[in-house]
Amino acid sequence: MAEAGLLPLLVWLSPAFPVGAFAYSHGLEWAVETGQVRDAATTQEWIADLLAQGSGRNDAVLLAAAWRAAADQDDAALRHVAEWAAALQPSRERHLEATAQGAAFLVAIRASWPTEAVVRFDAAWNGEVAYPVALGVAAAGHSAPLGATLEASLLAFVGNLVSAVVRLGPIGQTDGQRIIAALVADVRAAASFAESSTLDDIGAAAFRSDIASLRHETQYSRLFRS
């Protein structure tokens, strides 16, 4: 059962799955514009901070809470985490990034990977849904193990951010792959922390990333939606 539950993750977290992740840079476009992210070393440091102290860490905690609530069929807990996840975004663009991807993910899941967990979630919550919550609910519904779901989600997060920096120009594809490989240990550490976390562990200190997402809203020339 656990091994079978891993297979959907390979599909859902592939760049081919229609959530539109390619359209978002998570504020990195501003960081590149201002020279804060300018090469492989600064790219890796920026993303590592997000995993340890920023949005990657928080999203993993939220995903874990959603997975547990869906697995336990605890509608009250699921509503609570859904509300938190939508409210915690630090800027208008990051709110769009989280909720637009969450909505797109659920549309695709309902059409092609239906599960009672998503049906139950739809009945319990009619507000905006952040991406980690949507993924957590679907993963629980398809018996994907929490630890594997967290690791796969965080690795996809890293891959998408690296892809954004590659497209913005400071690094090439080979450097991008080196960065992803170097951050695997950070991904595992963040996933391990989140697996035993509660919502009381929510908190972040990656202020430059949050500021970058705010600054990006008025950036003159942009490739990305965030």
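Residues numbered from 1 in each chain as written. Predicted model: local features only at pLDDT ≥ 70, side-chain atom pairs only at ≥ 80, totals over all residues. Heavy atoms only, no water.

Enquirer: Could you give an account of the overall build of the chain, naming the residues involved and the relevant values?
Expert: Within the chain, the regular secondary structure consists of 12 helices and zero strands. When the elements of the chain are put in sequence order from the N terminus, they spell out α-α-α-α-α-α-α-α-α-α-α-α. Since a compact globule built from 226 residues should have a radius of gyration of about 17 Å, the 17 Å found for the chain is in line with a globular shape. Structurally, the chain occupies a C-alpha span of about 45 × 35 × 35 Å along its principal axes. Put simply, the chain has 226 residues, and 49% of those count as buried. Summarising the internal contacts of the chain: among those between residues at least 6 apart in sequence, 83% fall at separations of at least 24. (Helix = DSSP H or I, 4+ residues; strand = E, 2+ residues; numbered from the N terminus. Rg over C-alpha atoms; globule rule 2.2 N^0.38 Å. Buried < 20%, exposed > 50% of the residue type's maximum accessible area, 1.4 Å probe, protein only. Contact = heavy atoms within 4.5 Å.)

Enquirer: Describe the side chain of serine 197, with residues and values.
Expert: Note on placement: serine 197 falls in the loop between α11 (184-195) and α12 (207-216). Exposure remark for serine 197: the relative accessible area of 3% places this residue in the buried category. Polar contacts involving the side chain of serine 197 include one to the main-chain carbonyl oxygen of alanine 194, which spans 2.7 Å. With residues up to four places along the chain from it excluded, the contact list for serine 197 reads Val61, Ala64 and Arg68. (Polar contact = N/O pair within 3.5 Å; in protein donor to acceptor, adjacent residues only side chain to side chain.)

Enquirer: Can you break down unusual backbone geometry residue by residue, with the values?
Expert: The backbone of histidine 26 shows a phi angle near 60°, a positive value even though the residue is not glycine. Here histidine 26 is to be found in the loop between α1 (2-12) and α2 (28-33). Overall, histidine 26 belongs to the buried group, its relative accessible area being 4%.

Enquirer: Tell me what's going on with the packing of aromatic side chains, and back it up with residues and numbers.
Expert: One pair of aromatic rings is described through two measures. These are the centre distance and the angle between the planes. Tallied over the entire structure, the rule returns four aromatic pairs. Ring geometry for phenylalanine 17 versus phenylalanine 105: centroids 5.6 Å apart, planes at 55°, classification tilted. You can see phenylalanine 17 sitting in the loop between α1 and α2 and its partner phenylalanine 105 sitting in helix α6 (residues 92-112), a full 88 residues away along the chain. Phenylalanine 17 sits in the buried class, given a relative accessible area of 7%. Both rings, one in phenylalanine 105 and one in tyrosine 131, keep their centres 5.7 Å apart while their planes meet at 80°; by these two values the pair is edge-to-face. (Phe/Tyr/Trp six-rings, centres within 6.5 Å; stacked < 30°, edge-to-face > 60°.)

Enquirer: An account of the packing of helix α3 (residues 40-53) against helix α4 (residues 55-71) is requested, with residue identities and associated values reported.
Expert: At a closest axis distance of 4 Å, the pairing of α3 and α4 adopts a crossing angle of 35°. Crossing hand, α3 versus α4: right-handed. Facing α3, whose interface residues are Leu50, Leu51, Ala52 and Gln53, α4 presents Ser55, Gly56 and Arg57. Classifying every residue of the contact of α3 with α4 by side-chain character gives three nonpolar, three polar and one charged. (Axes fitted to C-alpha atoms, helices over the stretch in contact; angles between N-to-C directions. Left-handed = near helix turned anticlockwise from the far one by under 90°. Nonpolar A, V, L, I, M, F, W, Y, C, P; charged D, E, K, R; others polar.)

Enquirer: Can you break down the environment of valine 158 residue by residue, with the values?
Expert: Considering the arrangement of structural elements, one finds valine 158 in helix α9 (residues 146-168). Excluding residues within four positions of it along the chain, valine 158 makes contact with Ile47, Leu51, Ile180, Leu183 and Val187.

Enquirer: Can you lay out the packing of α4 against helix α5 (residues 75-87) for me, pointing to particular residues and giving the numbers?
Expert: Where α4 meets α5, the closest approach of the two axes is 8 Å, and the angle between their N-to-C directions is 160°. It follows from the interaxial angle that α4 and α5 lie roughly antiparallel. You can see that α4 and α5 cross each other, and the crossing is left-handed. Contact with α4, carried on its side by Leu62, Ala65, Ala66, Ala69 and Ala70, involves Ala77, Leu78, Val81, Trp84 and Ala85 of α5 and no other residues of that element. (Parallel < 35°, antiparallel > 145°, perpendicular 65-115°, else oblique.)

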